[in-house]
Amino acid sequence: MAVNKIWVIVDRQGEKIAPLSLELLTKARSLGGTVEGVTWGDADAIAADVGKYGATTLFNVGDLAGGLPGPPVAAALAAAISSSGAPDAILVPHNYDGRDIAARLSVKIDRPVLTNVVGLEETEGSLVTEHAIFGGAEVLKARFTGEGPAIFVVRTKSFAAEEGDGGPAAVTPWEIPDLGATGGAKITDRHVEESEGPKLDEAPVVVSGGRGLGQADKYSMIEDLAKLLKGAAGASRAIVDAGWVPYSHQVGQTGKTVKPTVYIAAGISGATQHMVGMKGSKNIVAINKDQEAPIFSIADLGIVGDVHKVLPKLIEALQGRS
Amino acid sequence: MNVVVCVKQIPDPANPGKLTSDTHTIVRDGKLILDDSDAYGVEMALQLADAAGGGEVTLVSMAPHGETSGLRTALAMGAAKAILISDDELAGSDALSTAKVLAAAIRRAEPDLVIAATESTDGYTGTTPVQVAEVLGWPSVSFVKKVAVADGVVKADRQTETGYDSVEVPLPALVSVTAGVVEPRYPSFKGIMAAKGKPVEELRIGDLGLDASQVGAAGARQQVVSVEPAEARKAGEIAVDDGDGHEKIVAFLEQLKVI
Ligand SMILES: Cc1cc2nc3c(=O)[nH]c(=O)nc-3n(C[C@H](O)[C@H](O)[C@H](O)COP(=O)(O)OP(=O)(O)OC[C@H]3O[C@@H](n4cnc5c(N)ncnc54)[C@H](O)[C@@H]3O)c2cc1C
Ligand SMILES: Cc1cc2nc3c(=O)[nH]c(=O)nc-3n(C[C@H](O)[C@H](O)[C@H](O)COP(=O)(O)OP(=O)(O)OC[C@H]3O[C@@H](n4cnc5c(N)ncnc54)[C@H](O)[C@@H]3O)c2cc1C
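Residues numbered from 1 in each chain as written. Chains lettered and ligands numbered in written order. Predicted model: local features only at pLDDT ≥ 70, side-chain atom pairs only at ≥ 80, totals over all residues. Heavy atoms only, no water.

Visitor: Pulling in residues and values, what's your account of the environment of Leu120(A)?
Guide: Residues and elements named next belong to chain A. Following the sequence through the fold, Leu 120 ends up in strand S7 (residues 113-123). Taking the C-alpha atoms as reference, Leu 120 lies 9.2 Å from Phe 152; in sequence the two are 32 residues apart. Leaving out residues up to four positions away in the same chain, Leu 120 has contacts with Lys 27, Leu 31, Leu 91, Leu 127, Val 128, Thr 129, Phe 152 and Phe 159. (Helix = DSSP H or I, 4+ residues; strand = E, 2+ residues; numbered from the N terminus. Contact = heavy atoms within 4.5 Å.)

Visitor: So what's going on with the sheet that holds strand S5 (residues 81-85) of chain B? Which residues, and what values?
Guide: Read from one edge to the other, the open sheet built from 10 strands follows the order S12(A)-S9(B)-S8(B)-S7(B)-S10(B)-S6(B)-S1(B)-S4(B)-S5(B)-S11(B), with strand pairing classed as mixed. Each having just a single partner strand, strand S12 (186-192) of chain A together with strand S11 (200-203) of chain B make up the two edges of the open sheet. Taking each pair of neighbouring strands and ignoring which way they run, the sheet shows an average axis angle of 25°. Bridge analysis of strand S1 (residues 3-6) of chain B against strand S6 (residues 113-117) of chain B gives three bridges, and the strand direction is parallel. Note that in S6(B) the partner of Val4(B) across the bridge is Val114(B). Along the sheet face, helix H4 (residues 96-109) of chain A touches strand S7 (140-150) and strand S8 (153-159) of chain B and points at about 95° away from the line of S7(B). Helix H3 (residues 95-109) of chain B rests against S1, strand S4 (57-62), S5, S6 and S11 of chain B of the sheet, and its axis sits at about 150° to S4(B). (Pairing = 2+ DSSP bridges. Axes fitted to C-alpha atoms, helices over the stretch in contact; angles between N-to-C directions.)

Visitor: So, the interface of chain A and chain B: which residues are in play, and what are the values?
Guide: Between chain A and chain B, the contact holds 78 residues from the first and 74 residues from the second. Across the chain A to chain B interface the summed buried area is about 7000 Å²; carbon plus sulfur atoms make up 56%. Inspection of the chain A/chain B interface yields 11 salt bridges. The salt bridge partner of Arg190(A) is Asp165(B), with a shortest N-O separation of 3.2 Å. Per element, the largest residue contribution to the side of chain A that touches chain B is nine residues, and it comes from H4(A). Tallied by class, residues from the side of chain A that touches chain B come to 37 nonpolar, 19 polar and 22 charged. (Buried area = accessible area lost by both parts, 1.4 Å probe. Salt bridge = Lys/Arg side-chain N within 4 Å of Asp/Glu carboxyl O. Nonpolar A, V, L, I, M, F, W, Y, C, P; charged D, E, K, R; others polar.)

Visitor: Explain the side chain of Ser236(A) to me, using residue names and the numbers behind them.
Guide: Residues and elements named next belong to chain A. With respect to the secondary-structure elements, Ser 236 resides in the loop between strand S14 (232-235) and helix H6 (237-241). Of the residues examined, Ser 236 reaches a relative accessible area of 8% and is grouped as buried. In contact with Ser 236, other than residues within four places in its own chain, are Gly 209, Gly 210, Arg 211, Ile 268 and His 274. (Buried < 20%, exposed > 50% of the residue type's maximum accessible area, 1.4 Å probe, protein only.)

Visitor: An account of the domain arrangement of chain A is requested, with residue identities and associated values reported.
Guide: Residues and elements named next belong to chain A. Taken as a whole, chain A is organised into domain 1 (5-184) and domain 2 (205-321). Taking the mean C-alpha position of each, domain 1 and domain 2 sit 32 Å from one another. On the side of domain 2, nine residues touch domain 1, which itself brings nine residues to the contact. Carbon and sulfur atoms make up 41% of the area that domain 1 and domain 2 hide from each other, which totals about 680 Å². Together, Gly 135, Arg 155 and Lys 157 form the three largest contributors to the area buried by domain 1 at its contact with domain 2, with a combined 63%. Scanning the region where domain 1 abuts domain 2 turns up zero salt bridges. Our count for the contact surface shared by domain 1 and domain 2 stands at five residue pairs in polar contact (both at pLDDT 80 or more). Split into classes, the residues belonging to the side of domain 1 that touches domain 2 amount to four nonpolar, three polar and two charged. (Domains from an automatic or database assignment. Polar contact = N/O pair within 3.5 Å; in protein donor to acceptor, adjacent residues only side chain to side chain.)

Visitor: Please provide a residue-by-residue account of the packing of aromatic side chains, values included.
Guide: Aromatic ring pairs: the centre-centre distance and the angle between the two ring planes describe each pair. By the definition in use, this model includes five aromatic pairs over all chains. Relative to Phe59(A), the ring of Trp7(A) has its centre 6.0 Å away and its plane inclined at 65°; by these criteria the two rings are edge-to-face. Residue Trp7(A) is located in strand S1 (residues 5-9), and its partner Phe59(A) is located in strand S5 (residues 57-60); the two are separated by 52 residues in the primary sequence. Trp7(A) sits in the buried class, given a relative accessible area of 3%. Between Tyr96(A) and Phe143(B) the ring centres are 4.6 Å apart and the planes differ by 90°, which places this aromatic pair in the edge-to-face class. Of this pair, Tyr96(A) sits in helix H4 while Phe143(B) sits in strand S7, which puts the two residues in different chains. (Phe/Tyr/Trp six-rings, centres within 6.5 Å; stacked < 30°, edge-to-face > 60°.)

Visitor: Tell me about the site of ligand 1, and please be specific about residues and values.
Guide: Taken together, 26 residues form the shell around ligand 1, and within it Ser236(A), Val251(A), Thr254(A), Ser269(A) and His274(A) come nearest. Flanking ligand 1 are residues from chains A and B. Gly267(A) is positioned such that a nitrogen or oxygen atom in its backbone is 3.1 Å from an oxygen atom of ligand 1. Here an oxygen atom of ligand 1 sits 2.7 Å away from a polar atom, N or O, in the side chain of Asn288(A). Contact with the protein chains hides 82% of the accessible area of ligand 1, taken as 980 Å² for the molecule alone. Taken together, the residues that form the shell around ligand 1 break down as five nonpolar, 16 polar and five charged. (Near = heavy atom within 4 Å. Areas by Shrake-Rupley, 256 points an atom, 1.4 Å probe, with all protein chains shown as cover.)

Visitor: How would you explain the site of ligand 2 if you had to name every residue and give the values?
Guide: Surveying the vicinity of ligand 2 reveals 29 residues, the closest of which are Val113(A), Lys8(B), Asp38(B), Ser120(B) and Thr128(B). Measuring from an oxygen atom of ligand 2, one finds a backbone N or O atom of Thr115(A) at 2.8 Å. Contact distances for ligand 2 include 3.1 Å between an oxygen atom and a backbone N or O atom of Ala117(B). For the shell around ligand 2, the secondary structure elements donating two or more residues are S7 of chain A together with S4, H3, S6 and helix H4 (128-136) of chain B. Looking at the shell around ligand 2 residue by residue, the class counts come to 14 nonpolar, 11 polar and four charged.

Laid out in structure tokens, this is it:
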């Protein structure tokens with residue numbers, strides 16, 4: 001089986017295409033065959049970019065009337081599959097809406113989903129996925145047996161996003177079938193938390209803090225340092241759960257995957273679930289007072305010391321330079 | 001209001017995980033415990049039932065070998081009863097099969113609301129809850145960090161990339177909750193004693209009208225190709241801070257031309 005056709009779910013971040021969807025379009029293009037996008041909302045605004053990254057057609061589910069994307073997008077996908085056939089694979093971003101879409105679609109067409117995908121290659125005629133398991137200590141490869149389409153939910157930063165030279169994708173509307181009760185959830189209000197500087201998963205430098213900071217207000221040291229390095233501020237789950245910082249800052253298995261040039265971990269022990277989200281960083285600096293902290297096993301530079309001493313001096317030294 | 005909480009019983013995450021060498025599934029030989037992620041759902045359900053002025057919290061779990069240790073923990077927290085689906089045919093189930101089984105068991109409990117965690121600690125596919133909702137033909141809200149129910153409507157705050165959305169959904173519905181939605185209570189001694197006498201209904205797939213070709217390894221249409229150790233990252237220079245730790249970091253950043 002060569003890959004004939006792949007569909008990619010095109011999600012947005014603000015007005016733009018979500019970086020993860022660009023990564024998926026790039027990957028789909030590299031596997032050969034036809035690439036088609038599936039989106040909702042204002043498709044015309046992104047058709048040129050979707051085309052540049054390799055899709056010839058952009059199917060548009062249209063206005064969701066305040067509903068969550070999961071049910072309508074899954075229902076439209078299932079309807080298209082039953083009327084005009086299935087692609088070999090559907091690449092879905094591993095994010096809030098992507099997981100909903102994949103889950104609902106899988107039930108509708110009775111096909112399983114492979115999630116937490118971090119690699120995808122064609123081997124001997126079938127698509128083989130990679131998954132980082134046990135905190136990234138082992139790599140598991142898997143593939144679908146049985147009939148397609150194969151539904152893959154792919155994590156951020158698994159592939160690089162690269163523009164190609166395709167023209168604008170042709171926007172083709174898709175009807176939303178009757179959703180019955182499943183379409184009952186409506187968004188009544190959106191709350192956007194302000195954040196300055198580069199996004200966590202795009203920043204060249206990420207400075208993350210953990211429970212070793214001791215108390216919530218000490219997180220300002222992390223923010224100050226991130227700002228001085230023109231980077232983004234991250235966090236371990238321990239301090240997200242403690243309510244010190246919003247979830248959007250969380251790095252790790254249940255948070256974001258980051259691969260910056262430099263990752264600085266301050267007061268973070270290095271639990272496997274944290275490391276799986278940052279061990280792809282090019283360089284890792286760790287500050288921890290416990291010489292035995294697991295984070296040191298993957299650090300390029302480890303400072304055994306107190307964050308309350310090291311960070312203020314580091315901030316001062318950097319302030320002196322700018 | 002009657003609430004079902006899906007609770008997964010898992011190998012203790014404190015012990016390093018292992019896959020079997022033949023089927024590449026997680027080794028589940030020892031005692032299984034309540035997944036921490038589900039303790040939040042149990043607590044949330046107890047609070048919601050309380051706030052509604054009545055109703056029962058029923059646990060639904062699919063686990064091998066008639067395992068009930070994790071269920072007893074959740075019963076000790078205050079849930080009224082449990083349904084356990086345990087069947088050798090279920091070994092090797094993928095998330096879709098799991099969802100079919102859970103949904104069939106949930107139907108028997110006729111709940112108004114189903115709560116699950118956004119993802120489990122061991123398998124963490126994170127698709128099971130919404131697959132359950134789709135099998136039931138229900139609406140769902142995933143990634144919920146706050147939830148209240150009034151007049152047959154769930155009001156939930158759903159995590160987004162940049163903040164959160166306020167979402168409303170009529171019952172019956174399913175929500176998947178994130179860690180930290182509420183502080184799970186510790187079972188009291190009284191709770192632990194009471195839990196021992198609470199009903200746990202144990203079912204096999206036949207009792208749910210499912211057959212082995214739909215679920216378990218037979219129903220799973222995915223295959224593990226290989227499992228190999230990941231490329232290890234090596235530790236670099238480790239230095240004890242003698243008041244000069246920050247200088248080492250500055251020098252390192254300079255060398256990388258980050259500053
Ligand atoms: C299903 C599941 C998913 C998870 N997902 C994630 C995830 O996505 N991301 C994540 O981060 N975690 C995740 N976790 C949690 C993870 O297992 C750890 O609990 C968490 O990462 C620990 O955070 P921490 O390193 O900040 O805290 P701790 O483990 O408490 O570590 C604090 C560290 O700070 C050091 N320290 C203390 N004081 C100082 C000081 N003054 N100066 C310097 N160092 C100091 C200590 O030596 C220690 O090493 C998950 C867990 C589960 C079960
Ligand atoms: C490393 C690894 C990778 C895997 N990858 C995949 C994959 O890509 N695709 C796939 O289909 N399967 C996969 N599986 C198998 C999958 O984990 C099992 O099918 C499992 O039964 C359901 O998934 P989960 O634990 O991942 O559920 P999740 O969807 O992560 O669970 C979310 C919540 O649903 C509820 N829930 C889930 N399972 C149960 C249960 N048994 N009883 C009660 N409540 C439950 C709990 O509230 C749980 O917190 C994988 C397993 C492993 C070990």
